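In case you want the letters, here they are:
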Amino acid sequence: MSAAHAADPKPLEAILGAYPAEEASLIQILQDVHRAYNYLPCDVLATVAKTLGVPLAKVYSVGTFYKAFSLQPQGRTIVKVCTGTACHIRGAAQLVDELQRKLGIKPGETTPDMGFTVKTVNCVGACAMAPVLIVGETYHGNAKAAKLDTYLAAGEADDAD
Amino acid sequence: MRIESEQAFQRFVAQARKRSSARSREVLVCCGTGCLANGSAKVAEALAAELAKRGSDVPVATFTKRTGCHGFCERGPLVVLQPQGVLYTRVKPRDAAEIVEKSVIGGEVISRLVYKDPASGQRIPGYAEVPFYQRQTRVAMRNIGRIDPADIEDAVAHGAYAGLAKALFTMTPEQVIEEIEVAGLRGRGGAGFPTARKWRSCRAATGDRKFVVCNGDEGDPGAFKDRSIMEGDPHSVIEGMVIGAYAVGAHEGFIYVRDEYPLAVVHLTLALEQARARGLLGANILGTGFDFDIRISRGGGAFVCGESSALMRSLEGKVGEPRAKYVHATERGLFDLPTVLNNVETWADVGAILARGGAWFASMGTAKSKGTKAFSLVGKVKNTGLIELPMGTTLREIIYGIGGGVLGDRPFKAVQTGGPSGGCVPESLLDLPVDYEKLTEAGSMMGSGGMIVMDDRTCMVEVARYFLQFLTEESCGKCIPCREGLHQMLAIFEDLVAGRGKSGDIEKIERLARGMQLGSLCELGKSAPNPVLSTLRYFRSEYEAHIERRACPAGICRELTAYEIVETACNGCHACFKVCPVGAITGKIKELHVIHHDTCISCGACFDVCPTQAIRTFPKKELAERGVA
């Protein structure tokens, strides 16, 4: 791995310092790493493995098993479409289709300008408001495909703050 | 200030109650995830600002209190005025001035904001009189919506930790287990295992180091009762866990919370800190010499981690793969040590049972299923939200009595319970009393309490495909029957919904299902065929229509369905034109509109918005007969 791609080690030091250096801390550490770096950078995973005394292969298996983690850099704004049962029968598929038409990306992908990553999530537990769309940290209940532009614009504005 | 004796605890309760009654006027603003999505945080801010501004006019000190989920999410943001008990629904920040002026200062009810009962058309101002609440009995959710989850004194004033004090000061661990046994409490995560038996087995297990775990990995799509309990009354969960730890002799506890529930983590963290500061958690709890502490562990977003053995692997920092269960977790669970794992709602019931007695709890419910059960009532139903009822309440009472019936008064088709492990219960079983046994007999299961109402615009083959896709993504892949069985079954269903079904597919599905039930390692795989088998059992004709007639009777499967506008019914309102995502509809306002089949993608958006039901579906194959390409 070239030094040009190496991630800033500072946040990692703080994260590693906050947990006991044992395997049981692995998922909690990876969650904090994901929050700090917006994904799981390769060199960071190597450092985590070394610090906890866990084989890198095991860190990789945990990093790929759980949906909360991505090994690819994520867009500045994450757009999540809830595809839980209630959202599914109230039109979540229309939201996914419309996002694909507007942003040109499928769930799991990121726009080339790194603006948006689209994800589907299996139920966020706001079923009474179905279908639910989450742009950044903002929940939109009874989301409508026709209003996607408004939701996305608000998300970008939050991101710029 | 740590509480170190029974007298000190009683003083603390008295003081908390006094503070609570001094705040005789409260403006409760629901800040659960549902209402927050509707903008309730801004409503709370606006009300607090308005009260501060009008401070000198307000006759009695009035507080704005942010509470957890009131359950009636569909009508949010919700505001309740106490002590009058007036409920305002769909409140906007701009209503704040009027609420303070007329209701808080003037004592008037603002009719415009009051709930209108869709059944009678009457406006019902009283929180307790609204049918949605009137028919409920709340135990696990006893304090949600009444207390500020960020304030332990408020929780204690409403009875929190009374059960713990009784257990620690007056009962032996064995007596605690007996009380739970008398209550007949069974696991609220869905499997319904008797809680007392689990605790007794863990108490008897050898070893000094034992664990108590709370399963807050509520992964069933359509269920959110655990989220609301953790967000709205985290103390009920903590209290239950401390009692459980005392009963089994554990000193360490974990709450495993779904990654998708950030607000629950915030409220639980705060509640743990406050409980520790008061001596209700940590070393020497209430001065009795009993030590127990709880850590929060955030899940990584894997449905299989709701399975208890997978959850424990995840707590150990590993990949969440289940284990075979010939060794019970009560003997060798987390880190291979004796562990009691219960669901959030089970823990929330424990404190109430200890405070009010097992006999009281057992007086509700059916012969084998005691007490109350929380459900999230969602889907195509008028009043969506969170409810809690005695076991044995019929589906009809839940869906029509509390839920107000099917959205848009469309025909009821089925209710899905138990998430991806459950099934679809048809109209003929609407009078089924809901308990563990009855739902299992009907081919479904209790699961974590999600009830998703489906109307005639729901294709049951497509619903089964949806759950298979969900499970295919979520199967951990450890055992072959689950991993490969789901994969093969999904392939068949993708053909069915696309009109490529073959005769013999149904029999093949049934064979695969049997293999998965017999051969899978954990409950995820064993129960995975339930949505398929239950829809086959009650809606076989829909499967046959997809295969034999290449038609989707519900008019949902896109490959099989075309849409058209009925000329005599269209009033030219232009609503369909506006929502069509591909511009397949033409027509001027007040004139007849037309759907162009060459561009239409059969998404159904027009159907859902048409106010005159002028849009009709028909089998796509008829297009060829009409000579449309």
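All values derive from a computational prediction rather than experimental measurement.

Caption draft 1: Looking closely at the overall build of chain A. Each helix and strand in chain A was counted, giving seven helices and four strands. Helices and strands in chain A line up, N terminus first, as α-α-α-α-β-α-α-β-β-β-α. Based on the C-alpha atoms only, the size of chain A along its principal axes is roughly 50 × 30 × 25 Å. Counting the 161 residues in chain A, one finds 42% classified as buried.

Caption draft 2: Fine view of the sheet that holds strand 4 (residues 86-88) of chain B. Residues and elements named next belong to chain B. With respect to topology, four strands assemble into an open sheet ordered 2-1-3-4, the strand pairing being mixed. Either end of the sheet is taken by a strand with one partner, and the two such strands are strand 2 (62-67) and strand 4. Taken pair by pair, the neighbouring strands of this sheet meet at an average axis angle of 20 degrees, ignoring direction.

Caption draft 3: Fine view of the environment of Leu95 of chain A. The residue Leu95 of chain A is located in helix 6 (residues 92-103) in this model. Setting aside chain neighbours within four positions, we find Leu95 of chain A in contact with Val81, Pro131, Leu133, Ala143 and Ala145 of chain A.

Caption draft 4: Representation of the interface of chain A and chain B. Taken together, the 39 residues of chain A in the interface contact 45 residues of chain B. When residues of the side of chain A that touches chain B are traced back to their parent elements, those giving at least two are helix 2 (26-37), helix 4 (56-65), helix 5 (85-89), helix 6 and strand 4 (138-140) of chain A. In terms of residue class, the side of chain A that touches chain B is built from 22 nonpolar, 12 polar and five charged.

Caption draft 5: Up close: unusual backbone geometry. All names here are of chain B. Cis rather than trans, the peptide bond between Gly76 and Pro77 has omega equal to -10 degrees. You can see Pro77 is positioned in the loop between strand 2 and strand 3 (79-82). The linkage connecting Gln82 with the following residue, Pro83, adopts the cis geometry, with an omega of 10 degrees. Among the secondary structure elements, Pro83 is positioned in the loop between strand 3 and strand 4. For His574, which is not glycine, the phi dihedral falls at a positive 80 degrees. Judged by C-beta crowding, with 14 C-beta atoms within 10 Å, His574 ranks as partly exposed.

Caption draft 6: Summary view of the nonpolar core. Core analysis: the biggest nonpolar cluster contains 241 residues, and Val132 of chain A together with Leu47, Val79, Val237 and Val242 of chain B have the highest contact counts within it. When near neighbours in sequence (up to four residues on either side) are disregarded, Val79 of chain B contacts Val27, Leu28, Val29, Val43, Tyr88, Val91 and Ile99 of chain B.

Caption draft 7: Geometry of the packing of helix 11 (residues 234-248) of chain B against helix 12 (residues 262-277) of chain B. Residue and element names in this part refer to chain B. Running from N to C, helix 11 and helix 12 cross one another at 55 degrees; their axes reach a closest spacing of 9 Å. By the angle between their axes, helix 11 is oblique relative to helix 12. Classified by chirality, the crossing of helix 12 by helix 11 is right-handed. Contacts between helix 11 and helix 12 involve Pro234, His235 and Ile238 on the former and, on the latter, His267, Leu268, Ala271, Leu272 and Ala275. A breakdown of the residues in the contact of helix 11 with helix 12 according to their chemical character gives six nonpolar, two polar and no charged.

Caption draft 8: Structural context of the packing of helix 8 (residues 173-183) of chain B against helix 9 (residues 195-204) of chain B. Residues and elements named next belong to chain B. At a minimum axis separation of 8 Å, helix 8 and helix 9 run at an interaxial angle of 155 degrees. Relative to helix 9, the element helix 8 lies roughly antiparallel. Between helix 8 and helix 9 lies a crossing whose hand is left-handed. Facing Pro173, Ile177, Ile180 and Glu181 of helix 8, the residues of helix 9 in contact are Thr195, Ala196, Trp199, Arg200 and Arg203. Its residues assigned to classes, the contact of helix 8 with helix 9 shows five nonpolar, one polar and three charged.

Caption draft 9: Structural context of the sheet that holds strand 3 (residues 133-135) of chain A. Residues and elements named next belong to chain A. If you trace the four strands from one edge of the open sheet to the other, you get 2-1-3-4, paired in mixed fashion. Here the strands that pair on one side only, and so sit at the sheet edges, are strand 2 (116-121) and strand 4. Adjacent strand axes in the sheet meet at a mean angle of 20 degrees, parallel and antiparallel pairs treated alike. With three bridges joining them, strand 1 (residues 77-82) and strand 3 adopt antiparallel strand pairing. Across the sheet, residue Val81 finds its bridge partner in strand 3, namely Leu133. Contacting strand 1, strand 2 and strand 3, helix 6 runs over the sheet at an angle of about 150 degrees to strand 1.

Caption draft 10: Highlighting the domain arrangement of chain A. By domain assignment, chain A separates into domain 1 (8-65) and domain 2 (77-160). A separation of 29 Å is found between the C-alpha centroids of domain 1 of chain A and domain 2 of chain A.

Caption draft 11: A look at the domain arrangement of chain B. Residues and elements named next belong to chain B. In terms of domains, chain B is made up of domain 1 (22-130), domain 2 (152-362), domain 3 (372-455), domain 4 (460-548) and domain 5 (558-626). Taking only C-alpha atoms into account, the centre of domain 1 sits 30 Å from that of domain 3. Contacts between the two partners involve seven residues from domain 1 and, on the opposite side, seven residues from domain 3. Residues of the side of domain 1 that touches domain 3, tallied by class, amount to five nonpolar, one polar and one charged.

Caption draft 12: Up close: helix 13 (residues 308-315) of chain B. Residue and element names in this part refer to chain B. Across the eight residues of helix 13, seven count as buried, placing the element largely inside the fold. Those residues of helix 13 lying buried are Ser308, Ser309, Ala310, Leu311, Met312, Ser314 and Leu315. Once helix 13 ends, the next one or two residues include Gly317, with phi positive near 90 degrees.

Criteria and cut-off values
Residues numbered from 1 in each chain as written. Chains lettered and ligands numbered in written order. Predicted model: local features only at pLDDT ≥ 70, side-chain atom pairs only at ≥ 80, totals over all residues. Helix = DSSP H or I, 4+ residues; strand = E, 2+ residues; numbered from the N terminus. Buried ≥ 20, exposed ≤ 12 C-beta atoms within 10 Å, placed from the backbone. Pairing = 2+ DSSP bridges. Axes fitted to C-alpha atoms, helices over the stretch in contact; angles between N-to-C directions. Contact = placed C-beta atoms within 7 Å. Nonpolar A, V, L, I, M, F, W, Y, C, P; charged D, E, K, R; others polar. Core = buried A, V, L, I, M, F, W, Y, C linked by C-beta atoms within 7 Å. Parallel < 35°, antiparallel > 145°, perpendicular 65-115°, else oblique. Left-handed = near helix turned anticlockwise from the far one by under 90°. Domains from an automatic or database assignment.

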